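Residue strings, one per chain:
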Amino acid sequence: MTNNNRPHPRPAHPRRNVAIVGTGSYLPERILSNADLEKMVDTTDEWILSRTGISQRRIAADNEFTSDMAAAAARIAIKNAGIAPDDIDLVILATSTPDTIFPSTACRIQHAIGATGAASFDLQAACSGFLYGMIIAEQFIASHMHETVLVIGAEKLSSIVNWEDRNTCVLFGDGAGAVIMQAAPEGKHGILASDMGADGAQTDILHMPAGGCRMPVTADVLAQKQNTIHMSGKEVYRYAVGAMNASAERSLQLSGLTTDQLQWVIPHQANLRIINSVRERLGVEEGRVILNLNRYGNTSAACIPIALHENCQSGKIKPGDHILMVAFGGGLTWASIVLEW
Ligand code: UT7
């Protein structure tokens, strides 16, 4: 018996500030190095490292799914937030690699972690999905509809990579990151500003053609590997730099902060050269950008929450720090958030 239908009173309270109160992450054990990839496709460690900044990535086990990684990250976030699973009102899972197209993977996670009172849904905004999810969660909490929202970015990208395509297979990895969001404690600002957008004219430069109703999976489709990631790398690259930079500037302007007031920038971890271009345009020094793509590659919606959790745990991110998070992804989509930790 769940209490999904608990009433949601909507008192005429003013909007409230919203903050992250707990983080978690999960990375599968298996490491796939650039040297391993040299044995699989015509590539070199030197090419991958110099063009992308990636040395290795994690690969989930055959029987380990997006929901498993997401639930593992969520359990850590729940513990760190000091809440019970039953306190969660809403589970939002950002992913491009759901366990199944339906029902939602968020429902599987809700069951796995025992969040019996939570409404649950999947969110598809590719690599921008986690920030889209945080912005949605903020609205529910700020408007007093919900008290506690779990937002997760989790991906088993290894399941949709064409392992014979050197243009894409060197880039991606698996993993999950999660946050618990609630009203900000007294005197804290939490999220200061955000921005999100999309350009649907660019759907075909980064996509998985098959698997939906446009191209159901058939033997031919499988033979042509249409059920894997297809990408025009150069076009995505060009677009990403402009979109991330513009979104970051919009969020910064709305927040009233300037880049020199930021302690940390957590960008989507797609390519070190993209990150450096955005960093230079924004005028942020190298040491203030949080990176993990060298170890994990591009884990799409999971990149930012994994980086956030690791750097909170290590003590690098401290209370009061101002953080800019910015992402872009298939769609194309982009999003950014400026917050006070
Ligand atoms: O979350 C969003 C996901 N996607 C992205 O962010 C991708 C954005 N784009 C990129 O990161 C870059 O465009 C790539 C890393 C994908 C490619 O880097 P690039 O500098 O744009 O290389 P390129 O596509 O222009 O390829 C240069 C050469 C080509 O050979 P030719 O045609 O010049 O002879 C490629 O075939 O490098 C070749 N190449 C490789 N060589 C060795 C492509 N992939 C590989 C590889 N190993 N893995």
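Here the residue index of a chain counts from 1 through its sequence in written order. Only residues with pLDDT of at least 70 are given local features in this predicted model, and only at 80 or more are side-chain atom pairs given and counted; all residues enter the totals for whole chains, interfaces and linings. Note that the side-chain values use all heavy atoms of the structure and ignore hydrogens as well as water.

### Overview of the side chain of Arg57
Here is step 1: Here Arg57 lies in strand β3 (residues 56-59).
Here is step 2: Residue burial is assigned from relative accessible area. The probe radius is 1.4 Å, only protein chains are included, and a residue is buried under 20% of its type maximum, exposed over 50%, and partly exposed in between. Positive: Lys, Arg. Negative: Asp, Glu. His and the chain ends are not part of the count. When a carboxyl oxygen of Asp or Glu is within 4 Å of a side-chain nitrogen of Lys or Arg, the pair counts as a salt bridge. Look at Arg57: it is buried, it has no salt bridge, and the nearest opposite charge is Asp36 at 6.9 Å.
Here is step 3: At 2.9 Å, the side chain of Arg57 forms a polar contact with the side chain of Asn34. Helix and strand definitions here come from DSSP, where helices need a minimum of 4 consecutive H or I residues and strands a minimum of 2 consecutive E residues; each element is numbered from the N-terminal end. N or O atoms closer than or at 3.5 Å make up a polar contact, with two conditions inside protein: a donor-capable atom paired with an acceptor-capable one, and, for residues adjacent in sequence, both atoms drawn from side chains.

### Overview of the sheet that holds strand β7 (residues 174-183)
Here is step 1: Taken in spatial order, the 5 strands make up an open sheet running β1-β7-β6-β4-β5, and their pairing is mixed. Of all the strands in the sheet, just β1 (18-26) and β5 (119-123) have a single pairing partner and so form its edges. Mean inter-strand twist for the sheet, computed between neighbouring axes without regard to direction, equals 20°.
Here is step 2: Note: two strands are recorded as paired if DSSP finds a minimum of 2 bridges between them. Where strand β4 (residues 90-94) and strand β6 (residues 149-156) come together, 5 bridges link them in parallel fashion. Within β6, the position partnered with Ala94 by the bridge is Gly153.
Here is step 3: Against the sheet, helix α4 (residues 105-113) makes contact with β4, β5 and β6, and its axis sits at roughly 135° relative to β5, the strand it touches most. For helices, the fitted axis covers only the stretch in contact; all axes are lines through C-alpha atoms, and the angles between them, taken along N-to-C directions, range from 0 to 180 degrees. Only heavy atoms matter for contacts: two residues are in contact if any of them lie within 4.5 Å across the pair.

### Remarks on the state of the cysteines
Here is step 1: Any two cysteine sulfur atoms lying within 2.5 Å of each other are counted as a disulfide. Counting across every chain of the model gives 0 disulfides.
Here is step 2: Sulfur of Cys312: no disulfide; nearest cysteine sulfur belongs to Cys303 and is 16 Å away.

### Side note on the domain arrangement of the protein
Here is step 1: Bear in mind that the domain bounds are from an automatic or database domain assignment. Annotation of the protein at the domain level lists domain 1 (18-183) and domain 2 (191-340).
Here is step 2: Each of domain 1 and domain 2 has a C-alpha centre, and the two are 14 Å apart.
Here is step 3: Each partner contributes to the interface: domain 1 provides 51 residues, whereas domain 2 provides 48 residues.
Here is step 4: Taking both partners together, domain 1 and domain 2 bury about 3,800 Å²; carbon and sulfur atoms supply 66% of that area.
Here is step 5: Ranking the residues of domain 1 by area buried against domain 2 places Cys127, Leu131 and Tyr132 at the top, with a combined share of 17%.
Here is step 6: Our count for the domain 1 to domain 2 interface comes out at 0 salt bridges.
Here is step 7: Scanning the region where domain 1 abuts domain 2 turns up 21 residue pairs in polar contact (both at pLDDT 80 or more).
Here is step 8: Those elements that provide at least two residues to the side of domain 1 that touches domain 2 are β1, α2 (45-52), β3, α3 (66-81), α5 (129-142), β6, α6 (166-169) and β7.
Here is step 9: If one sorts the elements of the side of domain 1 that touches domain 2 by residue count, β7 sits on top with 7 residues.
Here is step 10: Three categories are distinguished: nonpolar for Ala, Val, Leu, Ile, Met, Phe, Trp, Tyr, Cys and Pro, charged for Asp, Glu, Lys and Arg, and polar for the others, with Gly belonging to the last. In terms of residue class, the side of domain 1 that touches domain 2 is made up of 26 nonpolar, 18 polar and 7 charged. In short, buried area is how much 1.4 Å probe accessible area vanishes from two parts on joining, totalled over both.

### Quick word on the environment of His268
Here is step 1: Here His268 shows up in the loop between β11 (264-267) and α9 (272-282).
Here is step 2: Considered as a pair, His268 and Cys303 are 35 residues apart in the sequence and their alpha carbons are 6.1 Å apart.
Here is step 3: Discounting chain neighbours no more than four positions away, the residues touching His268 are Cys127, Met244, Ile275, Asn298, Ser300, Cys303, Ile304, Val326, Ala327 and Phe328.
Here is step 4: A distance of 3.5 Å separates the side chain of His268 from the side chain of Asn298, its partner in a polar contact.

### Some details on the pattern of salt bridges
Here is step 1: According to the stated counting rule, one finds 7 salt bridges in the structure shown.
Here is step 2: The salt bridge partner of Glu147 is Arg16, with a shortest N-O separation of 3.0 Å. With Glu147 in the loop between α5 and β6 and Arg16 in the segment before β1, the pair connects residues that are 131 residues apart, well separated along the chain.
Here is step 3: Taking relative accessible area as the criterion, Glu147 reaches 41% and is therefore assigned partly exposed.
Here is step 4: For Arg108, the salt bridge goes to Asp99, with nearest N and O atoms at 4.0 Å.
Here is step 5: Given the relative accessible area of 35%, Arg108 is considered partly exposed.

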